[in-house]
Amino acid sequence: MHDIFSAVLLGIVEGLTEFLPVSSTGHLIIAGDLLGFTGPKATTFEVVIQLGAILAVVVLYWDRFWGLLRPKPHVRFAGMRGIVLLGITSLPASLLGLATHHYIKEQLFTPATVALALGVGAVAMLLVERRTHRPAYTSLDDMTPTLALGIGLFQCLALWPGFSRSAATIMGGMLLGARRGLAAEYSFIAAVPIMFAATGYDLLKSHALFTMADLPFFATGFVVSFLAAWVAVKVFIGLMGRVTLVPFAWYRLAVAPLVFWFMVN
């Protein structure tokens, strides 16, 4: 029962934080430490539940993803054009991630670097929100290759554990002229290819740690993560029209020292 409880709790944490600009990495560190669930098996589990969160975005934006294969007339973010835009966004972090994967795992998952990433990201969010925004792009159909590449370059910041992929891409989109809601929506959609690639790579490297006896535990976390991510994305998109990133930034500043403490102890 403790295992199933852990799976449920970790699934909730992953699903709620993966697509919010608060860093799922930092929250999983705290939750895993509290539950005494750490080590290689825990790392593999985190990869599996991350796939559950990704699937929630695919289902929520099914029309958009299906439109990449079967484009509709007068929809610009569709078909080959939409695929190319997502490819452009995914390319910088994919190449940099492949080149630095070992270094990131060995050097950047330390108490100081993860907590610092939370803090630096929070300060960046506060500074971005202090700017006067005059959006030039208001919907997914307004996306351009230049904007897609710019967001992709900002996404590279997410390779720093604790910075948050969604925070990096949302801030990047806003700085490049995207409406806050559009930046958040594109952040979710653009997460699917890059996260599928990253989690697939991690699973290939750690699949030997997975056994059939783990199936109920892993399946529970996967399903809970899917449901929690579904709720988080729906609520967050609704909030982006009414609130800024500022509350999330202050929350990150409060969490940063906790992450440092839990990683040290």
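Looking at an unreviewed UniProt entry, one finds the chain named Undecaprenyl-diphosphatase, with Nitratidesulfovibrio oxamicus as its source organism. Regarding the chain, the UniProt comment filed under Function (unreviewed entry) reads as follows: "Catalyzes the dephosphorylation of undecaprenyl diphosphate (UPP). Confers resistance to bacitracin." Under the heading Catalytic activity (unreviewed entry), UniProt records this for the chain: "di-trans,octa-cis-undecaprenyl diphosphate + H2O = di-trans,octa-cis-undecaprenyl phosphate + phosphate + H(+)".

1. Concerning the overall build of the chain
Along its length, the chain carries 11 helices and zero strands. Order of helices (α) and strands (β) in the chain, N terminus to C terminus: α-α-α-α-α-α-α-α-α-α-α. Taking 265 residues into account, the globule formula puts the C-alpha radius of gyration at 18 Å, and the chain, at 18 Å, falls close to it. Reported as C-alpha extents along the three principal axes, the dimensions of the chain are approximately 50 × 40 × 35 Å. Here the chain holds 265 residues, and the buried ones make up 49% of them. A sequence separation of at least 24 residues applies to 83% of the contacts in the chain between residues at least 6 apart. Of the accessible surface of the chain, which amounts to about 12500 Å², a share of 71% is contributed by carbon and sulfur atoms. Each charge class in the chain was averaged separately, 17 positive and 13 negative side chains, and the resulting centres sit 12 Å apart.

2. Things to note about unusual backbone geometry
Despite not being glycine, Ser23 has its phi angle at roughly 75°, a positive value. With respect to the helices, strands and loops of the structure, Ser23 is situated in the loop between helix 1 (2-17) and helix 2 (24-35). Exposure remark for Ser23: the relative accessible area of 2% places this residue in the buried category. In this structure, Ser164 is a non-glycine residue whose phi angle is positive, near 90°. When you line up the elements, Ser164 lands in the loop between helix 7 (145-155) and helix 8 (165-175). By relative accessible area, which is 7% here, Ser164 ends up buried.

3. Comments concerning the packing of aromatic side chains
Centre-to-centre distance and the angle between the planes together describe a pair of aromatic rings. Scanning the model with the defined rule gives 13 aromatic pairs in all. Judged by centre distance (5.4 Å) and plane angle (85°), the ring pair of Phe45 and Phe218 falls under edge-to-face. Of the two residues, Phe45 is situated in helix 3 (residues 40-60) and Phe218 in helix 10 (residues 215-239); the sequence distance between them amounts to 173 residues. You'll find Phe45 and Phe218 in the same group, each marked buried. On the numbers, 6.0 Å between centres and 50° between planes, the contact of Phe226 with Trp230 is tilted. On the criterion of helical spacing, the pair formed by Phe226 and Trp230 is a turn pair, its members being four residues apart in helix 10. Joined through ring pairs, the aromatic side chains of Phe19, Phe188, Phe236 and Phe248 make up one cluster. The aromatic ring of Phe163 is capped on one face by Arg252, whose charged end is 6.0 Å from the ring centroid.

4. Overview of the nonpolar core
Most often, soluble globular proteins have nonpolar side chains that are buried together. Counting residues in each nonpolar core, the largest one holds 53 residues, and the members touching the most others are Phe19, Val57, Met143, Tyr186 and Phe236. The leading source of residues in this core is helix 9 (residues 180-206), at 11 residues. Discounting chain neighbours no more than four positions away, the residues touching Tyr186 are Phe77, Leu85, Leu86, Thr89, Leu140, Met143, Ala148 and Ile151. The next biggest cluster of nonpolar side chains, apart from the first, holds 13 residues, and it includes Ala7, Ala31, Leu35 and Ala42.

5. Describing the UniProt feature "transmembrane region" (unreviewed entry) in the chain
Those residues carrying the UniProt feature "transmembrane region" (unreviewed entry) are residues 42-62, 83-103, 109-128, 183-204, 216-239 and 245-264 in this numbering. Secondary structure content for residues 109-128 is 90% helix and 0% strand, and the end C-alpha separation is 26 Å.

Criteria and cut-off values
Residues numbered from 1 in each chain as written. Predicted model: local features only at pLDDT ≥ 70, side-chain atom pairs only at ≥ 80, totals over all residues. Heavy atoms only, no water. UniProt positions renumbered as here; feature names shortened; annotations may be inferred. Helix = DSSP H or I, 4+ residues; strand = E, 2+ residues; numbered from the N terminus. Rg over C-alpha atoms; globule rule 2.2 N^0.38 Å. Buried < 20%, exposed > 50% of the residue type's maximum accessible area, 1.4 Å probe, protein only. Contact = heavy atoms within 4.5 Å. Areas by Shrake-Rupley, 256 points an atom, 1.4 Å probe, with all protein chains shown as cover. Lys, Arg positive; Asp, Glu negative; His and termini not counted. Charge placed at Lys NZ, Arg CZ, Asp CG, Glu CD. Phe/Tyr/Trp six-rings, centres within 6.5 Å; stacked < 30°, edge-to-face > 60°. Lys NZ or Arg CZ within 6 Å of the ring centre and 35° of its normal. Core = buried A, V, L, I, M, F, W, Y, C linked by side-chain atoms within 4.5 Å.

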